Amino acid sequence: MAEILRAVKGMNDIFPASVPRKATDVLPTSNMWQWFEETSRSVLQRYGYQSLITPIVEPTALFVRGIGEVTDIVEKEMYSFADSMNGDKLTLRPEHTAGIVRAMIEHNALYNGPLRLWSMGPVFRHEKPQKGRYRQFNQLDVEALGFAGPDVDAEQILLTRTLLRELGLKEGTHVRLEINSLGQPGERAAHRAALVGYFETHAALLDEDSKRRLLTNPLRILDSKNPAMQAMIDAAPKLMDFLGAETMAHFDAVRAVLDAVGLDYRINTRLVRGLDYYNLTVFEWITDQLGSQGTVCGGGRYDGLIQQLGGKPAPAVGWGLGIERLLLLLEAVGIAPPDQAPDAYAVIGSDAARVPAMVVAEALRAQGVSVLLHAQGPEGLASVKSQFKKANASGARFALVFAGAELARGAVGLKSLRGAEAEQVERPLADVAAWAAELRNA
Ligand code: ATP
Ligand code: MG
């Protein structure tokens with residue numbers, strides 16, 4: 001036999017719940033995934049956000065300029081390569097925002113006014129794979145471009161709450177919201193200077209990674225998980241103390257909306273986010289159920305990015321949600337997707353029954369009924385008994401029996417597969433529309 005090829009490390013196959021897979025894998029099911037996508041689309045539509053689809057591959061320079069040279073992503077997590085045909089430097093996108101902003105600039109898309117957009121799809125980061133952390137993972141990404149006020153910041157946080165709620169997650173129990181303000185560049189520069197001074201006076205306590213960051217990106221020292229540095233980090237100068245009246249007014253206006261709708265949050269002054277481009281509002285939804293992979297969704301304002309990437313200055317705010325991580329959370333707290341089983345399973349009694357069965361199945365599907373047809377395997381048509389076993393295993397609520405006697409009478413047998421053993425009844429083949437409704441899932 002030919003050698004078996006395997007998926008690239010950290011990149012996953014997402015299976016339906018009904019299909020067996022390696023027992024060692026802890027991954028969400030595609031049933032959960034489909035439910036998430038449908039729920040997201042419905043929520044996004046209600047908030048007036050439109051879909052934008054951008055390429056998975058972008059010029060490397062886009063991310064170096066957009067995300068920042070001294071971030072974890074650009075320093076060590078990007079899948080970059082030279083195009084083997086022409087040598088162009090390309091990168092598999094590690095996030096959606098930079099590509100969306102590039103598209104806005106390239107097409108002058110903000111010319112007619114601000115936009116509310118979303119994207120969904122795979123992103124790539126070369127990290128150590130573990131539960132909830134992969135090398136190819138998927139994000140739902142939502143951006144509002146061209147809006148400056150705190151209203152749209154609040155709107156986006158409310159959108160995330162609605163989405164999490166409609167998936168069955170409870171605030172306070174399963175997820176909690178943290179917010180912060182990162183201020184404006186001037187305020188951050190003043191804080192940064194104070195921070196560098198503070199870390200220099202405590203240089204003896206810094207680990208190697210932090211010493212390097214002191215020169216490149218001192219704010220990232222605040223992200224350090226090194227327990228030996230925690231007390232020193234806790235006492236470091238706080239950005240909040242450097243924020244001016246305008247910044248605080250923006251922050252307070254966001255909070256006023258959250259307070260008015262009764263959305264609980266915690267102000268976490270240590271919340272800085274992994275990417276360089278954020279200013280003013282930042283937020284994260286956090287869970288305790290997934291170990292150190294605790295952030296399911298995060299984002300904030302990035303008013304400088306569009307100009308930084310060569311566009312006409314325009315404010316923006318957005319967030320990204322890790323789909324695999326969120327789905328693992330749903331499973332961890334016992335939330336199941338709605339039943340996706342077919343309405344009916346078509347049992348085919350003989351070769352002669354196949355054509356009439358497929359004609360009726362088409363008519364039913366046109367009426368919105370989902371029909372799973374028994375198709376023959378390598379050994380031909382299975383026995384009716386074994387087809388009924390498959391029908392039960394499929395979760396269908398009804399079996400439709402296409403067999404000689406019924407067909408001769410111009411009828412199909414209909415048998416309920418749920419609850420107590422039911423009698424088989426008959427329905428006319430000629431007038432499918434008259435009885436399709438009784439099969440449809442209410
Ligand atoms: P983390 O601190 O966990 O590395 P991050 O700050 O790098 O997260 P973002 O860039 O904000 O993450 O991406 C948005 C969301 O994508 C995260 O909140 C998380 O849910 C998810 N995410 C990030 N990295 C991964 C990964 N390697 N695998 C799966 N999901 C991820
Ligand atoms: Mg990360």
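Bear in mind the structure is a predicted one, so any value in this text is a computation, not a measurement.

Participant: How should the site of ligand 1 be read in this particular structure?
Facilitator: Residues in contact with ligand 1 amount to 14 residues; listed here are only the nearest, Arg-125, Glu-127, Arg-133, Arg-273 and Thr-295. Here a nitrogen atom of ligand 1 sits 2.6 Å away from a polar atom, N or O, in the side chain of Glu-127. Residue Val-296 places a main-chain N or O atom 3.3 Å away from an oxygen atom belonging to ligand 1. In the complex, the protein chains occlude 86% of the 590 Å² of accessible area that ligand 1 would expose alone. Every element with two or more residues in the shell around ligand 1 is listed here: strand E6 (136–145), strand E10 (295–301) and strand E11 (316–322). Among the elements that line the shell around ligand 1, the one with the most residues is E10, at three residues. Residues belonging to the shell around ligand 1 are distributed by class as follows: four nonpolar, five polar and five charged.

Participant: Explain empty space enclosed by the protein here, please?
Facilitator: Over the atoms, a rolled probe matching the size of one water molecule traces out where space is still vacant. What the rule picks out here adds up to two cavities of 30 Å³ or more. Looking at the largest cavity, its volume works out to about 130 Å³. Lining the largest cavity are 14 residues; nearest its centre among them are His-191, Leu-222, Leu-239, Thr-269 and Val-272. Approximately 40 Å³ is the volume found for the second largest cavity. Lining the second largest cavity are Val-70, Asp-72, Glu-75, Arg-212, Arg-213, Thr-216, Asn-217 and Arg-220.

Participant: Is there a simple way to think about the sheet that holds strand E2 (residues 57–59) in this case?
Facilitator: Sheet strands pair via backbone hydrogen bonds, and the direction of the pair is either parallel or antiparallel. Pairing is antiparallel in the open sheet, where three strands are placed in the order E2-E4-E3. The sheet terminates laterally at E2 and strand E3 (79–82), the two strands that pair on one side only. Strand-to-strand twist of the sheet, defined as the mean angle between neighbouring strand axes without regard to direction, takes the value 35°. In the packing of helix H2 (residues 60–67) onto the sheet, the strands contacted are E2, E3 and strand E4 (89–92), and the crossing angle to E2 comes to about 75°.

Participant: Honestly, the sheet that holds E10 in this entry has me stumped. Any pointers?
Facilitator: As summarised here, the arrangement of the eight strands in space is E1-E5-E6-E11-E10-E9-E7-E8, forming an open sheet in which the pairing is mixed. The open sheet is flanked by strand E1 (50–51) and strand E8 (266–267), the only strands paired with a single partner. Judged from the 10 bridges that link them, strand E5 (residues 115–124) and E6 form a sheet pairing that is antiparallel. Counterpart to Pro-122 in the pairing with E6 is Asn-138. Most of the contacts of helix H5 (residues 150–166) go to E11, to which it runs at about 20°, and overall it touches E5, E6, strand E7 (176–181), strand E9 (279–286), E10 and E11.

Participant: What exactly am I supposed to notice about the packing of helix H1 (residues 30–46) against H5 here?
Facilitator: It is at 10 Å that the axes of H1 and H5 come closest, and there the two elements cross at 145°. In the packing of H1 onto H5, the handedness of the crossing is right-handed. For the pair H1 and H5, contact is made by Trp-35, Phe-36, Thr-39, Ser-40, Val-43, Leu-44 and Arg-46 and by Leu-159, Thr-162, Leu-163 and Glu-166, respectively. For the contact of H1 with H5, the class distribution of residues is six nonpolar, three polar and two charged.

Participant: Sorry if this is basic, but what is going on with the nonpolar core here?
Facilitator: Nonpolar side chains tend to gather and get buried jointly when the protein is soluble and globular. One finds Phe-36 and Leu-140 to be the most contacted residues of the largest nonpolar core, which totals 77 residues. Broken down by element, this core gets its largest block of residues, seven residues, from H5. For Leu-140, the contacting residues outside a window of four places in its chain are Phe-36, Ser-40, Leu-44, Trp-118, Ser-119, Met-120, Leu-163, Trp-319, Gly-320, Leu-321 and Ile-323. Listed in part, the 19 residues of the second largest apolar core include Ala-346, Ala-357, Val-360 and Ala-361.

Participant: Even after reading the chapter, I still don't get the side chain of Gln-293, so can you show me in this structure?
Facilitator: Along the chain, Gln-293 turns up in the loop between E9 and E10. By relative accessible area, Gln-293 is classed as buried at 5%. Within the structure, the side chain of Gln-293 is placed 3.2 Å from the backbone oxygen of Lys-131, a separation counted as a polar contact. Not counting residues up to four positions away in its chain, the partners in contact with Gln-293 are Gln-130, Lys-131, Gly-132, Arg-133 and Arg-325.

Participant: Any chance you could explain the pattern of salt bridges here in plain terms?
Facilitator: It is possible for side chains of opposite charge to pair when their charged atoms get near one another. With the rule as written, the count across this model stands at 28 salt bridges. In this structure, Glu-106 and Arg-102 form a salt bridge, with 2.8 Å as the shortest nitrogen-oxygen distance. In this pair, Glu-106 and Arg-102 both sit in helix H4 (residues 97–106), four residues apart, roughly one turn of the helix. Among the residues examined, Glu-106 registers a relative accessible area of 55% and is labelled exposed. Judged by its relative accessible area of 18%, Arg-102 falls in the buried class. Measuring nitrogen to oxygen at the nearest pair gives 3.8 Å for the salt bridge that ties Asp-209 to Arg-213. In this pair, Asp-209 and Arg-213 are both assigned in helix H7 (residues 208–216), four residues apart and thus about one turn of the helix distant. Residue Asp-209 is classed as partly exposed on the basis of its relative accessible area of 32%. Because the salt bridges share partners, they merge into one network encompassing Asp-72, Glu-75, Lys-76, Asp-209, Arg-212, Arg-213, Arg-220 and Asp-223.

Reading the values: the criteria
- Residues numbered from 1 in each chain as written.
- Chains lettered and ligands numbered in written order.
- Predicted model: local features only at pLDDT ≥ 70, side-chain atom pairs only at ≥ 80, totals over all residues.
- Heavy atoms only, no water.
- Near = heavy atom within 4 Å.
- Polar contact = N/O pair within 3.5 Å; in protein donor to acceptor, adjacent residues only side chain to side chain.
- Areas by Shrake-Rupley, 256 points an atom, 1.4 Å probe, with all protein chains shown as cover.
- Helix = DSSP H or I, 4+ residues; strand = E, 2+ residues; numbered from the N terminus.
- Nonpolar A, V, L, I, M, F, W, Y, C, P; charged D, E, K, R; others polar.
- 1 Å grid on protein atoms, 1.4 Å probe; cavity = no way out; pocket = protein on both sides within 12 Å on 5 of 7 lines; lining within 4 Å.
- Points joined across faces, edges and corners; volume = space filled by probe spheres on them.
- Pairing = 2+ DSSP bridges.
- Axes fitted to C-alpha atoms, helices over the stretch in contact; angles between N-to-C directions.
- Contact = heavy atoms within 4.5 Å.
- Left-handed = near helix turned anticlockwise from the far one by under 90°.
- Core = buried A, V, L, I, M, F, W, Y, C linked by side-chain atoms within 4.5 Å.
- Buried < 20%, exposed > 50% of the residue type's maximum accessible area, 1.4 Å probe, protein only.
- Salt bridge = Lys/Arg side-chain N within 4 Å of Asp/Glu carboxyl O.

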